[in-house]
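Take a look at the letters that make up each chain.
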Amino acid sequence: GQRRCTGAIGVQLFAVRDLLIADPRGALAKLGEVGFREVELFGFGGNVFIDDPLFGLSATEFRDALESAGLRAPIAHVSGAFEDISEVAGIASSLGVKTLINPMAPEFLTVRDGQAIVSGVSGRDQMMGLASRLNAQGRECARNGLGFGYHNHHMEFESLGDRPAFDFLAENTDPALVKFELDIGWVAVSGHDPVDYIDRYHDRIIAVHMKDYDASLPIGTDPKTYPIPEQAQLVEPGAGSIDFERIVEALENYEICHRFVEVDVTAEPIETVERGYNYLTNLESERTD
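Thresholds, definitions, all that
Residues take numbers from 1 onward in each chain, read along the sequence in its written order. The model is predicted, so local features are restricted to residues of pLDDT at least 70 and side-chain atom pairs to those at 80 or more, both for listing and for counting; the totals for chains, interfaces and linings are taken over all residues. With hydrogens and water excluded, all non-hydrogen atoms of the structure serve as input to the side-chain values. Only protein chains enter the accessibility calculation, which uses a 1.4 Å probe. A residue is then buried if its area is under 20% of the maximum for its type, exposed if over 50%, and partly exposed in between. Helix and strand labels come from DSSP, where a helix needs a run of H or I of at least four residues and a strand needs a run of E of at least two; each type is numbered from the N terminus. Any two residues whose heavy atoms approach within 4.5 Å at even a single point are treated as in contact. Residues adjacent in sequence count toward polar contacts only when both atoms are side-chain atoms; beyond that, a polar contact is any pair of N or O atoms within 3.5 Å, and within protein one must be able to donate a hydrogen and the other to accept it. A pair of strands is labelled paired if DSSP reports no fewer than 2 bridges between them. Handedness of a crossover is defined as follows: with both strands directed away from the viewer, a clockwise route from the first strand across the helix to the second makes it right-handed. Each patch is built from salt-bridge-free residues with over 30% relative accessible area, joining like charges within 9 Å and nonpolar side chains (Val, Leu, Ile, Met, Phe, Trp, Tyr) within 5 Å. Here the open area of atoms and residues is found with the Shrake-Rupley method and a 1.4 Å probe, where only the protein chains shown may cover a residue. What counts as a salt bridge is simple: a side-chain nitrogen of Lys or Arg found within 4 Å of a carboxyl oxygen of Asp or Glu. Nonpolar cores were defined as sets of buried Ala, Val, Leu, Ile, Met, Phe, Trp, Tyr and Cys residues, with membership established by side-chain atoms within 4.5 Å. Every angle, taken between N-to-C directions, lies between 0 and 180 degrees, and every axis is a line fitted to C-alpha atoms, over only the stretch in contact when it is a helix. Under this scheme an angle from 65 to 115 degrees is roughly perpendicular, one under 35 degrees roughly parallel, and one over 145 degrees roughly antiparallel; angles in between are oblique. Each crossing gets its hand from how the near helix is turned against the far one by less than a right angle, where anticlockwise is left-handed and clockwise is right-handed. In this classification, the charged set is Asp, Glu, Lys and Arg, the nonpolar set is Ala, Val, Leu, Ile, Met, Phe, Trp, Tyr, Cys and Pro, and all remaining amino acids, among them Gly, are polar. The arc in question is the one spanned by the directions pointing from the helix axis to the C-beta atoms.

**Re helix H9 (residues 244-253)**
Now for step 1: Within the span of H9, buried status applies to Phe244, Ile247, Val248, Ala250, Leu251 and Glu252.
Now for step 2: The inward-facing, buried residues of H9 contact helix H7 (184-189), helix H8 (194-201), strand E9 (205-210), strand E10 (212-213), strand E12 (258-261) and helix H10 (269-288).
Now for step 3: One side-chain oxygen of the residue at the start of H9 lies 3.1 Å from the amide nitrogen of glutamate 245, identifying that residue as aspartate 243.

In structure tokens, the structure reads:
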């Protein structure tokens, strides 16, 4: 088949956060050596895991580090509770970021004494509140010349009675202002078929997180390492049970080109994302042969 997306495999920097804290330039250079050409930034507007989304570098230094590693950063995650988009917009545009993503709704994640506590969907009122905030954030981004999207976990697929909360959110957000970054691994955790969701919302999906799911792994018991217990079952593409051939075919079909390898928790970040990169690269070259 003809590939419409070229050089599209990226990496969400959250996967290599410890290396970035230790040596941001070195970590970016390593990702470039793996073959990645895109990265997705995280931690703008505050994050439980890091103090500074640019890891001690100025925006100019960070952009230079990206460039010398052969990387671009089209998308950045912004704290879900974040109010003042304009504050981030300046830094974002100087880095070449075109789209901001809300990675986790505050409804689902509270932090007490430095400890993340995760909760689920409580009902329609909660979801309507989230939908209207996403619409407002989308408007604010548009006003600042940026795109905006929402990244799912598994809780959005809890049922609201007649349909999953995700579908309710999609219905109650403005398709022009609120796009989606579909996390393939979390959709699988929820028991739904990621391809079904790609088919259903392809016109709103601007990016995906490529992560795999292995239900045979034990769930995490240490909340400091695994704020969401199922994070322990999320692995790099090719290491779990998701049929990525179907996923890649659907993504190609709809020209959804931003695909970020991500693993929430791993002892060997570079090796892990590299395995994911190699697996997806081989998969894509087999499709074009």
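**Concerning the pairing of strand E8 (residues 179-183)**
For a regular strand, side-chain orientation follows a simple rule: the groups alternate between the two sheet faces.
Now for step 1: Among the 5 residues that make up E8, 4 are buried, leaving the element largely enclosed by the rest of the structure.
Now for step 2: Examined bridge by bridge, strand E7 (residues 147-151) and E8 share 3 bridges and lie parallel to one another. Paired with histidine 151 across the bridge in E8 is glutamate 181.
Now for step 3: As a crossover connection, the stretch from E7 through helix H6 (residues 165-171) into E8 is right-handed.

**Looking at the side chain of histidine 77**
Now for step 1: Inspection of the secondary structure puts histidine 77 in strand E3 (residues 72-78).
Now for step 2: Polar contacts involving the side chain of histidine 77 include one to the side chain of glutamate 40, which spans 3.4 Å.
Now for step 3: Here histidine 77 is in contact with Gln12, Glu40, Leu41, Phe42, Gly43, Phe44, Ile101, Pro103, His151, Glu181 and His209, once residues within four sequence places are set aside.

**Considerations on a nonpolar patch on the surface**
Now for step 1: A contiguous nonpolar patch, built from Val48, Phe49 and Val111 and spanning about 230 Å² of accessible area, is present on the exposed surface.
Now for step 2: With respect to the helices and strands, the residue valine 48 is situated in the loop between strand E2 (38-44) and helix H3 (59-68).
Now for step 3: Residue class for valine 48 comes out partly exposed when judged on its relative accessible area of 40%.

**Re the nonpolar core**
Now for step 1: Leu13, Leu31, Phe36, Leu41, Phe62 and Leu100 are the most contacted members of the largest nonpolar core, which has 89 residues in total.
Now for step 2: If sequence neighbours within four positions are ignored, phenylalanine 62 has contacts with Leu13, Leu28, Leu41, Leu54, Phe55, Leu57 and Leu95.

**Thoughts on the packing of helix H2 (residues 24-34) against H10**
Now for step 1: Running from N to C, H2 and H10 cross one another at 25 degrees; their axes reach a closest spacing of 10 Å. Between H2 and H10, the interaxial angle falls into the category roughly parallel. Read as a crossing pair, H2 and H10 show a hand that is right-handed. Here H2 contributes Lys30, Leu31 and Val34 to the contact with H10, which in turn contributes Ile270, Val273, Glu274 and Tyr277.
Now for step 2: Taken together, the residues of the contact of H2 with H10 sort by class into 5 nonpolar, no polar and 2 charged.

**Some points on helix H4 (residues 85-94)**
Note that an α-helix has 3.6 residues per turn; residues three or four places apart therefore point the same way.
Now for step 1: For H4, every residue scored as buried is listed here: Ile85, Val88, Ala89 and Ala92. Buried residues along H4 cover an arc of 115 degrees about the axis, so they all sit on one side.
Now for step 2: Packing partners of the buried residues in H4 comprise E2, E3, strand E4 (99-102) and helix H5 (124-143).
Now for step 3: Following H4 by one or two positions, glycine 96 has its phi on the positive side, about 85 degrees.

**Some remarks on the pairing of strand E6 (residues 115-118)**
Now for step 1: Alignment of strand E5 (residues 109-112) against E6, held across 4 bridges, turns out to be antiparallel. Counterpart to arginine 112 in the pairing with E6 is glutamine 115.
Now for step 2: In sequence, E5 turns back onto E6 through a hairpin of 2 residues, with aspartate 113 there showing a positive phi of about 50 degrees.

**Overview of the sheet that holds strand E1 (residues 9-12)**
Now for step 1: Around the barrel, 8 strands lie side by side as E1-E2-E3-E4-E7-E8-E9-E12; this closed barrel has parallel pairing. The average undirected angle you get between the axes of adjacent strands in this sheet is 30 degrees.
Now for step 2: Summarising the sheet, E1 and E2 pair through 3 bridges and their orientation is parallel. Paired with valine 11 across the bridge in E2 is valine 39.
Now for step 3: Together, E9 and E12 form the strand contacts of H9, whose direction differs from that of E9 by roughly 160 degrees.

**Considerations on the pattern of salt bridges**
Now for step 1: A complete count under the given rule lists 17 salt bridges for this structure.
Now for step 2: Aspartate 167 is paired through a salt bridge with arginine 200; the nearest N and O atoms lie 2.6 Å apart. Residue aspartate 167 is found in helix H6, and its partner arginine 200 is found in helix H8; the two are separated by 33 residues along the sequence.
Now for step 3: Taking the relative accessible area as the measure of exposure, aspartate 167 reaches 5% and is therefore buried.
Now for step 4: In this structure, aspartate 264 and lysine 211 form a salt bridge, with 2.8 Å as the shortest nitrogen-oxygen distance. Remark: lysine 211 occurs in the loop between E9 and E10 and aspartate 264 occurs in the loop between E12 and H10; sequence separation between them is 53 residues.
Now for step 5: One salt-bridge network, in which partners are shared between bridges, spans Arg124, Asp162, Arg163 and Glu171.

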